[in-house]
Amino acid sequence: MWAILQRLTLMLKDFTNNLFPLLRNDFQKKLLSATLKNLEDISNPLCFNNFCSGYRELIRHVLSEMAPDSEIKACAWYTPDKTSRTGITRAHAITYVLQGGLSSDYVIKTLKLNVLVDKKRLIDAINTLHKYTHVNEDTFGIDALRASDEADLAINALHDVIVLASQCRVQLARALEAQINKEVIAAAIGETIGAIDELATHHCIDDINVEVVTISRVCSEFIYLKASGTIEVELQWGSNGDLRRGEGIAGNESFPFTCELQSHVEYPAELEIAEGAFCVDTSSWWDGYYDEEY
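So, how was this worked out
Residues numbered from 1 in each chain as written. Predicted model: local features only at pLDDT ≥ 70, side-chain atom pairs only at ≥ 80, totals over all residues. Heavy atoms only, no water. Helix = DSSP H or I, 4+ residues; strand = E, 2+ residues; numbered from the N terminus. Pairing = 2+ DSSP bridges. Axes fitted to C-alpha atoms, helices over the stretch in contact; angles between N-to-C directions. Contact = heavy atoms within 4.5 Å. Parallel < 35°, antiparallel > 145°, perpendicular 65-115°, else oblique. Left-handed = near helix turned anticlockwise from the far one by under 90°. Nonpolar A, V, L, I, M, F, W, Y, C, P; charged D, E, K, R; others polar. Buried < 20%, exposed > 50% of the residue type's maximum accessible area, 1.4 Å probe, protein only. Polar contact = N/O pair within 3.5 Å; in protein donor to acceptor, adjacent residues only side chain to side chain. Phe/Tyr/Trp six-rings, centres within 6.5 Å; stacked < 30°, edge-to-face > 60°.

**Side note on the environment of Arg85**
Mapping Arg85 onto the fold places it in the loop between α4 (69–74) and α5 (90–99). Sequence separation of Arg85 and Glu275 is 190 residues, and the distance between their C-alpha atoms is 43 Å.

**A short note on the sheet that holds strand β4 (residues 267–280)**
Pairing in this open sheet of four strands is antiparallel, and the strands run β1-β2-β3-β4 from one edge to the other. The open sheet has two edge strands with one neighbour each: β1 (202–218) and β4. If you compare each strand with its neighbour and ignore which way they point, the axes differ by 25° on average. Pairing of strand β2 (residues 222–237) with strand β3 (residues 249–264) involves 16 bridges; the strand directions are antiparallel. Residue pairing in the sheet places Ser228 in a bridge with Thr258 of β3. Packed on one face of the sheet, helix α9 (residues 177–190) meets β1, β2, β3 and β4 and runs near 35° to β4.

**Points about the packing of helix α3 (residues 47–66) against helix α7 (residues 115–133)**
For the pair α3 and α7, the least separation of the axes is 8 Å and the interaxial angle reads 135°. In terms of axis orientation, α3 runs oblique to α7. In the crossing of α3 with α7, the sense of the turn from one axis to the other is left-handed. Along its contact with α3, which presents Phe48, Asn49, Phe51, Cys52, Ser53, Tyr55, Arg56, Ile59 and Leu63, the element α7 presents Leu122, Ile126, Leu129, His130, Tyr132 and Thr133. Classifying every residue of the contact of α3 with α7 by side-chain character gives ten nonpolar, four polar and one charged.

**Details of the environment of His264**
In this fold, His264 is placed in strand β3. Classification of His264 by relative accessible area gives partly exposed; the value is 25%. Remark: the alpha-carbon pair of His264 and Ala250, spanning 14 residues in sequence, is separated by 42 Å. Setting aside anything within four residues of it in sequence, one finds His264 in contact with Glu221, Phe222 and Ile223.

**A look at the side chain of Ser263**
Examined against the element boundaries, Ser263 turns out to sit in strand β3. Polar side-chain contacts of Ser263 include one of 2.9 Å to the backbone oxygen of Pro268. Once residues within four sequence positions are removed from consideration, Ser263 is found in contact with Glu221, Phe222, Ile223, Pro268, Glu270 and Leu271.

**Some points on the packing of aromatic side chains**
The relative placement of two aromatic rings is captured by the distance of their centres and the angle of their planes. One pass over the structure, following the stated rule, counts six aromatic pairs. Between the aromatic rings of Phe51 and Tyr55, the centroid separation amounts to 5.5 Å while the plane-to-plane angle is 10°, which identifies the pairing as stacked. With Phe51 and Tyr55 both in helix α3 and four residues apart, this pair spans about one turn of that helix. A single burial state applies to Phe51 and to Tyr55, both of which are buried. An angle of 20° between the planes, with centres 5.0 Å apart, marks the rings of Phe257 and Phe278 as stacked. Note that Phe257 is positioned in strand β3 and Phe278 in strand β4, a separation of 21 residues in sequence. Per residue, the accessibility class of Phe257 equals that of Phe278, and both read buried. Within the aromatic cluster, the residues linked to one another by ring pairs are Phe48, Phe51, Tyr55 and Tyr132.

Function cannot be inferred from these measures alone, as they are strictly geometric.
Given below as structure tokens:
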């Protein structure tokens, strides 16, 4: 008994450390805490049944928040399930959590992620939870060792799906990186950047370095991305003639920038940048500029 309690204590600590940071709100975290407490009460023959009931509800809330019904129905891959009242199944919700409106073919072949395995694991875990929420002779009084094994499978299944969803977006950003660089450079060159334009008489762009690309959202129809990095420019005060006469000044500066992009889930590489979505932060240039000396 002591060994089982020790194992449960370590397992519950791991669950808290691994799954808690992935939950999106305080309610979900409180629900998980309350659900896990059921496993500690190994003297209660209903402890595992109570855990299953609470944890099944937690999964429902997580999937509902991460995969709204309206978004699922708007996905090109969605086919209504005739056996479901709403036409939406848990498999639909898990698919949306993992890949949004992206096709499974694109995720598997281009992003090299096998989403089918983790999706099946979570569906199997939900089915197990459902089984034990109905108290019958064969589901009553589950021993602590078996309960901890089943709980471990269920909690890790949800954890792995959320982590894989994040990994899918990282892989997507990498797959689009080259095209993002082209679009960012084109936007910087093609637009008048007001924040830089007001610094000097003339300027020219020497280099643009895209350093970080993140996926803001993958929805039913669109992918929203954000790129950030530095832009290196040459600033010139006065005309070229002024420079030749030694009356003008030129210098090099670099500033951070952000750029918002989007593409359609059916054509992820066909990126667009909205007008004015390329923003350069020149606040460092003005630091102390208006300070008065006493």
